[in-house]
Amino acid sequence: MPNISVELLSGRTMDQRREFVTAVTEAAISILNAKREAVRIVFTEIEKSDVANGGTLVSDS
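**Q** Quick question: what am I supposed to make of the packing of aromatic side chains here?
**A** Two aromatic rings, taken as a pair, are described by how far apart their centres are and by the angle between their planes. One pass over the structure, following the stated rule, counts one aromatic pair. Note on Phe20 and Phe43: the rings are 6.1 Å apart at their centroids and 55° apart in plane angle, and the pair reads as tilted. Of this pair, Phe20 sits in helix α1 (residues 14-32) while Phe43 sits in strand β2 (residues 40-46); the two residues are 23 residues apart in sequence, bridging distant segments of the chain. Classification of Phe20 by relative accessible area gives partly exposed; the value is 36%. In this structure, Arg17 packs its charged tip against the face of Phe43, placed 4.8 Å from the ring centre.

Here it is in structure tokens:
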């Protein structure tokens, strides 16, 4: 059973999540020979103030 964890900055739409889930599920089925019902994807939403790149908070960019 593939368990796929995805961290995203907040602000993605439900349509974007649906498209992502479809694409990743299809890839897991094709590449890993997984059963569709066994592919589990969990989103963790992160606020821009909780992430820094290159010493700068993303929220300050």
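Still to come is the rest of the account.
**Q** For this particular structure, what's the right way to read the pairing of strand β1 (residues 3-9)?
**A** Successive residues of a regular strand alternate their side chains across the two faces of the sheet. Looking at chain direction, β1 and β2 are connected through seven bridges and run parallel. Looking at β2, one finds that Ile4 is bridged to Ile41. At this point the chain moves from β1, through α1, to the parallel β2, and the crossover so formed is right-handed.

Parameters at a glance
- Residues numbered from 1 in each chain as written.
- Predicted model: local features only at pLDDT ≥ 70, side-chain atom pairs only at ≥ 80, totals over all residues.
- Heavy atoms only, no water.
- Phe/Tyr/Trp six-rings, centres within 6.5 Å; stacked < 30°, edge-to-face > 60°.
- Helix = DSSP H or I, 4+ residues; strand = E, 2+ residues; numbered from the N terminus.
- Buried < 20%, exposed > 50% of the residue type's maximum accessible area, 1.4 Å probe, protein only.
- Lys NZ or Arg CZ within 6 Å of the ring centre and 35° of its normal.
- Pairing = 2+ DSSP bridges.
- Right-handed = clockwise from strand over helix to strand, strands pointing away.

These figures come from the coordinates and say nothing about function on their own.
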